[in-house]
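Single-letter residue listing:
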Amino acid sequence: MSKEAYHRPVMVREVVAQLVRREGIYVDGTLGGGGHSLAILQALQDKGFEKHSFLIGIDQDSFAIEETEKKLMSFREKTAFVQGNFRDVVSIVNGVGARQLDGMQIAGMLFDLGVSSFQIDTPERGFSYLRRGPLDMRMRPQGGLSASDIVNGFDERNLADIFFRFGEEQKSRRIARAICSWRKERGEITDTEELAAVVRNVVRGSDQQVKSLARVFQALRIAVNDELGALEDVLRDGVGMLGPQGRMGVISYHSLEDRMVKRFFRKIAADDWGPKGVGLKEPLRRAEFRVVTGRPEVASDDEVRENPRARSAKLRVVEKKEQSGG
(Lines give C-alpha, C1' and ligand atoms only; values in the text may rest on other atoms or scores of the structure.)
Protein backbone atom coordinates (compact mmCIF):
# COMPACT_ATOMS: atom_id res chain seq x y z
CA MET A 1 0.00 0.00 0.00
CA SER A 2 1.54 3.31 -1.04
CA LYS A 3 1.56 6.31 1.22
CA GLU A 4 -0.01 8.29 -1.62
CA ALA A 5 -3.12 6.11 -1.47
CA TYR A 6 -3.14 6.31 2.30
CA HIS A 7 -3.03 10.11 2.09
CA ARG A 8 -5.74 10.44 -0.56
CA PRO A 9 -8.64 12.30 1.09
CA VAL A 10 -12.23 12.18 -0.12
CA MET A 11 -14.22 15.18 -1.42
CA VAL A 12 -11.53 17.76 -0.67
CA ARG A 13 -13.04 20.52 -2.82
CA GLU A 14 -16.46 20.07 -1.29
CA VAL A 15 -15.08 20.06 2.26
CA VAL A 16 -13.07 23.25 1.73
CA ALA A 17 -15.97 25.04 -0.01
CA GLN A 18 -18.39 24.19 2.79
CA LEU A 19 -16.17 24.69 5.84
CA VAL A 20 -13.50 27.32 5.16
CA ARG A 21 -15.52 30.53 5.30
CA ARG A 22 -13.97 32.54 8.13
CA GLU A 23 -10.98 32.66 10.46
CA GLY A 24 -10.93 30.74 13.72
CA ILE A 25 -10.19 27.27 15.05
CA TYR A 26 -10.62 24.29 12.73
CA VAL A 27 -10.85 20.74 14.02
CA ASP A 28 -10.05 17.75 11.82
CA GLY A 29 -11.36 14.97 14.03
CA THR A 30 -10.24 12.17 11.71
CA LEU A 31 -6.75 13.13 10.62
CA GLY A 32 -5.85 10.06 8.57
CA GLY A 33 -3.08 11.03 6.17
CA GLY A 34 -3.64 14.75 6.75
CA GLY A 35 -5.08 15.45 3.31
CA HIS A 36 -8.14 17.33 4.54
CA SER A 37 -6.07 19.25 7.10
CA LEU A 38 -3.59 20.32 4.42
CA ALA A 39 -6.38 21.50 2.13
CA ILE A 40 -8.02 23.47 4.97
CA LEU A 41 -4.73 25.13 5.94
CA GLN A 42 -3.95 26.05 2.34
CA ALA A 43 -7.45 27.49 1.88
CA LEU A 44 -7.09 29.57 5.04
CA GLN A 45 -3.79 30.86 3.68
CA ASP A 46 -5.27 31.65 0.26
CA LYS A 47 -8.17 33.55 1.83
CA GLY A 48 -5.91 35.53 4.16
CA PHE A 49 -7.37 33.90 7.29
CA GLU A 50 -4.20 32.15 8.50
CA LYS A 51 -3.07 34.89 10.92
CA HIS A 52 -6.03 34.36 13.24
CA SER A 53 -6.62 30.67 12.59
CA PHE A 54 -5.42 27.39 14.07
CA LEU A 55 -6.00 23.73 13.21
CA ILE A 56 -6.29 20.85 15.67
CA GLY A 57 -6.00 17.34 14.24
CA ILE A 58 -7.17 14.22 16.07
CA ASP A 59 -6.60 10.55 15.29
CA GLN A 60 -6.49 7.31 17.25
CA ASP A 61 -3.64 5.98 15.13
CA SER A 62 -0.16 7.12 16.19
CA PHE A 63 1.14 6.44 12.67
CA ALA A 64 -1.36 8.94 11.25
CA ILE A 65 -0.16 11.57 13.74
CA GLU A 66 3.51 10.97 12.87
CA GLU A 67 2.92 11.07 9.12
CA THR A 68 0.82 14.22 9.28
CA GLU A 69 3.31 16.06 11.47
CA LYS A 70 5.93 15.46 8.77
CA LYS A 71 3.59 16.39 5.94
CA LEU A 72 2.44 19.65 7.56
CA MET A 73 5.78 20.71 9.00
CA SER A 74 5.52 24.13 7.32
CA PHE A 75 2.31 24.81 9.28
CA ARG A 76 3.68 23.67 12.68
CA GLU A 77 3.08 27.07 14.31
CA LYS A 78 -0.58 26.90 13.36
CA THR A 79 -1.34 23.27 14.17
CA ALA A 80 -1.57 20.78 17.02
CA PHE A 81 -2.00 17.04 16.54
CA VAL A 82 -3.41 14.86 19.29
CA GLN A 83 -3.74 11.08 19.52
CA GLY A 84 -7.21 10.31 20.79
CA ASN A 85 -10.83 9.51 19.96
CA PHE A 86 -12.87 12.31 18.41
CA ARG A 87 -15.64 11.56 20.90
CA ASP A 88 -13.42 13.40 23.41
CA VAL A 89 -13.23 16.49 21.22
CA VAL A 90 -14.17 18.89 24.04
CA SER A 91 -11.38 17.81 26.38
CA ILE A 92 -8.89 17.49 23.50
CA VAL A 93 -9.51 21.02 22.22
CA ASN A 94 -9.49 22.45 25.74
CA GLY A 95 -6.28 20.55 26.45
CA VAL A 96 -4.37 22.08 23.55
CA GLY A 97 -4.05 25.26 25.59
CA ALA A 98 -2.09 27.17 22.96
CA ARG A 99 -1.92 30.92 23.40
CA GLN A 100 -2.86 31.26 19.75
CA LEU A 101 -6.34 30.00 20.64
CA ASP A 102 -7.13 32.82 23.06
CA GLY A 103 -10.27 34.59 21.95
CA MET A 104 -10.77 32.36 18.90
CA GLN A 105 -14.04 30.63 18.17
CA ILE A 106 -14.44 27.29 16.43
CA ALA A 107 -15.16 28.05 12.79
CA GLY A 108 -15.15 24.54 11.34
CA MET A 109 -15.15 20.89 12.32
CA LEU A 110 -14.73 17.87 10.04
CA PHE A 111 -15.31 14.20 10.81
CA ASP A 112 -14.56 11.71 8.01
CA LEU A 113 -15.98 8.41 9.26
CA GLY A 114 -14.23 6.16 6.76
CA VAL A 115 -11.45 3.74 7.62
CA SER A 116 -8.23 4.70 5.82
CA SER A 117 -7.07 2.55 2.94
CA PHE A 118 -3.78 2.10 4.75
CA GLN A 119 -5.50 0.54 7.75
CA ILE A 120 -7.68 -1.71 5.60
CA ASP A 121 -4.73 -2.89 3.54
CA THR A 122 -2.48 -3.60 6.54
CA PRO A 123 -3.08 -7.31 7.29
CA GLU A 124 -1.87 -6.97 10.87
CA ARG A 125 -4.83 -4.72 11.66
CA GLY A 126 -7.38 -7.37 10.66
CA PHE A 127 -9.88 -5.02 9.01
CA SER A 128 -10.21 -6.84 5.69
CA TYR A 129 -11.52 -10.26 4.71
CA LEU A 130 -9.32 -10.08 1.60
CA ARG A 131 -6.07 -10.46 3.54
CA ARG A 132 -5.16 -12.97 6.20
CA GLY A 133 -4.47 -11.33 9.54
CA PRO A 134 -5.35 -11.49 13.21
CA LEU A 135 -8.91 -10.68 14.27
CA ASP A 136 -8.07 -7.30 15.75
CA MET A 137 -9.89 -4.31 14.11
CA ARG A 138 -9.03 -1.86 16.89
CA MET A 139 -8.47 1.66 15.61
CA ARG A 140 -6.18 2.19 18.57
CA PRO A 141 -4.31 -1.12 18.88
CA GLN A 142 -3.30 -0.64 22.51
CA GLY A 143 -5.85 -2.26 24.82
CA GLY A 144 -9.60 -2.62 24.54
CA LEU A 145 -11.89 -5.28 23.10
CA SER A 146 -10.71 -6.90 19.84
CA ALA A 147 -12.70 -8.62 17.12
CA SER A 148 -11.29 -11.92 18.36
CA ASP A 149 -12.76 -11.28 21.81
CA ILE A 150 -16.19 -10.84 20.23
CA VAL A 151 -16.03 -13.66 17.68
CA ASN A 152 -14.69 -16.19 20.16
CA GLY A 153 -16.34 -14.96 23.35
CA PHE A 154 -19.86 -13.80 22.55
CA ASP A 155 -22.79 -16.21 22.45
CA GLU A 156 -24.91 -16.85 19.36
CA ARG A 157 -27.62 -14.35 20.22
CA ASN A 158 -25.22 -11.47 20.85
CA LEU A 159 -23.22 -12.23 17.71
CA ALA A 160 -26.39 -12.25 15.60
CA ASP A 161 -27.43 -8.97 17.20
CA ILE A 162 -24.11 -7.33 16.26
CA PHE A 163 -24.23 -8.55 12.64
CA PHE A 164 -27.82 -7.39 12.17
CA ARG A 165 -27.65 -4.10 14.05
CA PHE A 166 -24.28 -2.84 12.80
CA GLY A 167 -24.09 -4.63 9.46
CA GLU A 168 -27.76 -4.98 8.51
CA GLU A 169 -26.92 -8.57 7.56
CA GLN A 170 -30.06 -10.60 6.81
CA LYS A 171 -28.34 -13.94 7.49
CA SER A 172 -27.03 -12.76 10.86
CA ARG A 173 -28.52 -15.64 12.84
CA ARG A 174 -27.22 -18.34 10.52
CA ILE A 175 -23.75 -16.81 10.49
CA ALA A 176 -23.72 -16.51 14.27
CA ARG A 177 -24.82 -20.14 14.59
CA ALA A 178 -22.06 -21.24 12.20
CA ILE A 179 -19.44 -19.36 14.21
CA CYS A 180 -20.53 -21.07 17.41
CA SER A 181 -20.49 -24.46 15.68
CA TRP A 182 -16.95 -23.82 14.41
CA ARG A 183 -15.81 -22.91 17.91
CA LYS A 184 -17.35 -26.07 19.35
CA GLU A 185 -15.91 -28.38 16.71
CA ARG A 186 -12.53 -26.78 15.90
CA GLY A 187 -11.74 -24.32 18.67
CA GLU A 188 -11.18 -20.58 18.35
CA ILE A 189 -11.42 -18.73 15.05
CA THR A 190 -7.88 -17.41 14.87
CA ASP A 191 -7.77 -15.06 11.90
CA THR A 192 -9.69 -13.17 9.22
CA GLU A 193 -9.33 -16.02 6.72
CA GLU A 194 -11.09 -18.50 9.02
CA LEU A 195 -13.90 -16.06 9.77
CA ALA A 196 -14.36 -15.41 6.05
CA ALA A 197 -14.54 -19.18 5.47
CA VAL A 198 -17.36 -19.47 8.02
CA VAL A 199 -19.35 -16.74 6.26
CA ARG A 200 -18.77 -18.29 2.83
CA ASN A 201 -20.03 -21.64 4.11
CA VAL A 202 -23.31 -19.98 5.07
CA VAL A 203 -23.83 -17.62 2.12
CA ARG A 204 -24.02 -18.97 -1.40
CA GLY A 205 -23.19 -17.10 -4.60
CA SER A 206 -20.05 -15.00 -5.02
CA ASP A 207 -21.86 -11.65 -5.16
CA GLN A 208 -23.85 -12.37 -2.02
CA GLN A 209 -20.76 -13.69 -0.27
CA VAL A 210 -18.89 -10.44 -0.92
CA LYS A 211 -21.78 -8.36 0.43
CA SER A 212 -22.20 -10.50 3.54
CA LEU A 213 -18.46 -10.53 4.23
CA ALA A 214 -18.37 -6.74 3.97
CA ARG A 215 -21.35 -6.44 6.34
CA VAL A 216 -19.97 -8.87 8.93
CA PHE A 217 -16.53 -7.24 9.00
CA GLN A 218 -18.12 -3.77 9.12
CA ALA A 219 -20.33 -4.84 12.02
CA LEU A 220 -17.40 -6.20 14.00
CA ARG A 221 -15.33 -3.06 13.38
CA ILE A 222 -18.18 -0.83 14.53
CA ALA A 223 -18.72 -2.93 17.65
CA VAL A 224 -15.03 -3.13 18.54
CA ASN A 225 -14.55 0.62 18.30
CA ASP A 226 -18.02 1.69 19.52
CA GLU A 227 -18.19 3.83 16.39
CA LEU A 228 -21.88 4.72 16.61
CA GLY A 229 -21.54 5.66 20.28
CA ALA A 230 -18.55 7.83 19.45
CA LEU A 231 -20.46 9.47 16.59
CA GLU A 232 -23.42 10.23 18.86
CA ASP A 233 -21.08 11.83 21.40
CA VAL A 234 -19.17 13.97 18.91
CA LEU A 235 -22.32 15.20 17.15
CA ARG A 236 -23.81 16.35 20.44
CA ASP A 237 -20.65 17.85 21.89
CA GLY A 238 -19.23 19.17 18.64
CA VAL A 239 -22.14 21.42 17.66
CA GLY A 240 -22.09 22.86 21.17
CA MET A 241 -18.55 24.09 20.55
CA LEU A 242 -19.26 25.96 17.31
CA GLY A 243 -19.05 29.73 17.23
CA PRO A 244 -21.56 31.86 15.28
CA GLN A 245 -21.53 30.83 11.61
CA GLY A 246 -19.32 27.89 12.54
CA ARG A 247 -19.92 24.73 10.54
CA MET A 248 -19.64 21.01 11.17
CA GLY A 249 -19.17 18.63 8.25
CA VAL A 250 -19.52 14.84 8.49
CA ILE A 251 -18.55 12.40 5.74
CA SER A 252 -20.24 9.02 6.13
CA TYR A 253 -19.93 5.85 4.08
CA HIS A 254 -22.85 3.63 5.07
CA SER A 255 -26.51 4.06 5.86
CA LEU A 256 -26.29 3.60 9.64
CA GLU A 257 -23.98 6.57 10.07
CA ASP A 258 -25.68 8.72 7.44
CA ARG A 259 -29.10 8.25 9.07
CA MET A 260 -27.69 9.25 12.46
CA VAL A 261 -26.12 12.41 11.05
CA LYS A 262 -29.18 13.36 8.99
CA ARG A 263 -31.61 12.91 11.88
CA PHE A 264 -29.40 14.74 14.36
CA PHE A 265 -28.87 17.71 12.05
CA ARG A 266 -32.60 17.93 11.30
CA LYS A 267 -33.44 17.74 14.99
CA ILE A 268 -31.17 20.59 16.08
CA ALA A 269 -32.27 22.71 13.12
CA ALA A 270 -36.01 22.28 13.73
CA ASP A 271 -37.86 25.28 15.14
CA ASP A 272 -39.61 24.78 18.47
CA TRP A 273 -43.03 26.41 18.17
CA GLY A 274 -43.90 25.96 21.84
CA PRO A 275 -47.48 26.27 23.16
CA LYS A 276 -50.00 27.93 20.89
CA GLY A 277 -51.39 31.32 21.83
CA VAL A 278 -53.52 34.09 20.40
CA GLY A 279 -51.54 36.28 18.06
CA LEU A 280 -48.41 34.10 18.02
CA LYS A 281 -47.10 34.32 14.47
CA GLU A 282 -43.55 33.22 15.19
CA PRO A 283 -42.05 30.31 17.12
CA LEU A 284 -41.35 30.97 20.79
CA ARG A 285 -37.89 29.54 20.25
CA ARG A 286 -35.89 29.54 17.06
CA ALA A 287 -33.37 26.81 16.33
CA GLU A 288 -29.72 27.75 16.84
CA PHE A 289 -28.64 25.76 13.80
CA ARG A 290 -29.51 25.40 10.13
CA VAL A 291 -28.87 22.47 7.82
CA VAL A 292 -26.65 23.65 4.97
CA THR A 293 -26.93 20.51 2.82
CA GLY A 294 -30.58 19.61 2.24
CA ARG A 295 -29.28 16.63 0.32
CA PRO A 296 -25.82 15.29 1.06
CA GLU A 297 -23.02 16.25 -1.27
CA VAL A 298 -21.40 13.32 -3.07
CA ALA A 299 -18.14 12.83 -4.90
CA SER A 300 -17.90 13.77 -8.56
CA ASP A 301 -17.75 11.12 -11.26
CA ASP A 302 -14.12 12.06 -11.93
CA GLU A 303 -13.18 11.56 -8.29
CA VAL A 304 -14.96 8.20 -8.10
CA ARG A 305 -13.05 7.02 -11.18
CA GLU A 306 -9.75 8.01 -9.55
CA ASN A 307 -10.67 6.87 -6.04
CA PRO A 308 -13.42 4.19 -5.95
CA ARG A 309 -13.79 4.39 -2.15
CA ALA A 310 -15.32 7.85 -2.67
CA ARG A 311 -18.34 6.25 -4.35
CA SER A 312 -20.31 5.79 -1.12
CA ALA A 313 -19.15 9.01 0.59
CA LYS A 314 -21.81 11.52 1.66
CA LEU A 315 -21.05 14.94 3.12
CA ARG A 316 -23.62 16.65 5.36
CA VAL A 317 -23.08 20.08 6.88
CA VAL A 318 -24.78 22.04 9.64
CA GLU A 319 -24.16 25.66 10.67
CA LYS A 320 -24.66 27.57 13.89
CA LYS A 321 -26.68 30.68 13.16
CA GLU A 322 -25.26 34.16 13.72
CA GLN A 323 -28.06 34.91 16.20
CA SER A 324 -30.78 32.80 17.72
CA GLY A 325 -34.05 33.94 19.20
CA GLY A 326 -35.09 33.24 22.76
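Above this note sits the structure.
Residues numbered from 1 in each chain as written. Predicted model: local features only at pLDDT ≥ 70, side-chain atom pairs only at ≥ 80, totals over all residues. Heavy atoms only, no water.

### Observations regarding the packing of aromatic side chains
- By the definition in use, this model includes 3 aromatic pairs.
- Geometrically, the ring pair formed by Phe-86 and Phe-111 is edge-to-face, given 5.4 Å between the ring centres and 65 degrees between the ring planes. With Phe-86 in the loop between strand E3 (79-83) and helix H5 (89-96) and Phe-111 in strand E4 (residues 106-112), the pair connects residues that are 25 residues apart, well separated along the chain. Judged on exposure class, the residue Phe-86 and its partner Phe-111 are both buried. (Phe/Tyr/Trp six-rings, centres within 6.5 Å; stacked < 30°, edge-to-face > 60°. Helix = DSSP H or I, 4+ residues; strand = E, 2+ residues; numbered from the N terminus. Buried < 20%, exposed > 50% of the residue type's maximum accessible area, 1.4 Å probe, protein only.)

### Here we look at helix H9 (residues 172-186)
- Across its 15 residues, H9 extends 21 Å between first and last C-alpha, which sits within 8% of the 21 Å expected from 1.5 Å per residue.
- Looking at H9, one finds that the buried residues are Ser-172, Ile-175, Ala-176, Ile-179, Cys-180 and Trp-182. One face of H9 carries all of its buried residues, which in axial projection span an arc of 155 degrees. Away from its buried face by more than 90 degrees, H9 exposes Arg-173, Lys-184 and Glu-185.
- Looking at the buried positions of H9, the neighbouring elements they touch are helix H7 (147-153), helix H8 (156-167), helix H10 (192-202) and helix H11 (206-225).
- Phi for Gly-187, located one or two positions after H9, is positive at around 95 degrees. (Expected span 1.5 Å × (residues − 1). Arc of directions from axis to C-beta. Contact = heavy atoms within 4.5 Å.)

### Focus: the side chain of His-254
- Along the chain, His-254 turns up in the loop between strand E5 (242-252) and helix H13 (255-269).
- Ignoring sequence-local partners within four residues, the contact set of His-254 consists of Gln-218, Arg-221 and Ile-222.

### Describing the nonpolar core
- Phe-163, Ile-175, Ile-179, Ile-189, Leu-195 and Leu-220 are the most contacted members of the largest nonpolar core, which has 34 residues in total.
- Ranked by residues supplied to this core, first place goes to H11 with 7 residues.
- Not counting chain neighbours up to four residues away, the residues in contact with Ile-189 comprise Leu-135, Val-151, Asn-152, Ile-179, Trp-182, Glu-194, Leu-195 and Val-198.
- Ranked by size, the runner-up nonpolar core spans 31 residues in total, among them Phe-54, Ile-106, Ala-230 and Val-261. (Core = buried A, V, L, I, M, F, W, Y, C linked by side-chain atoms within 4.5 Å.)

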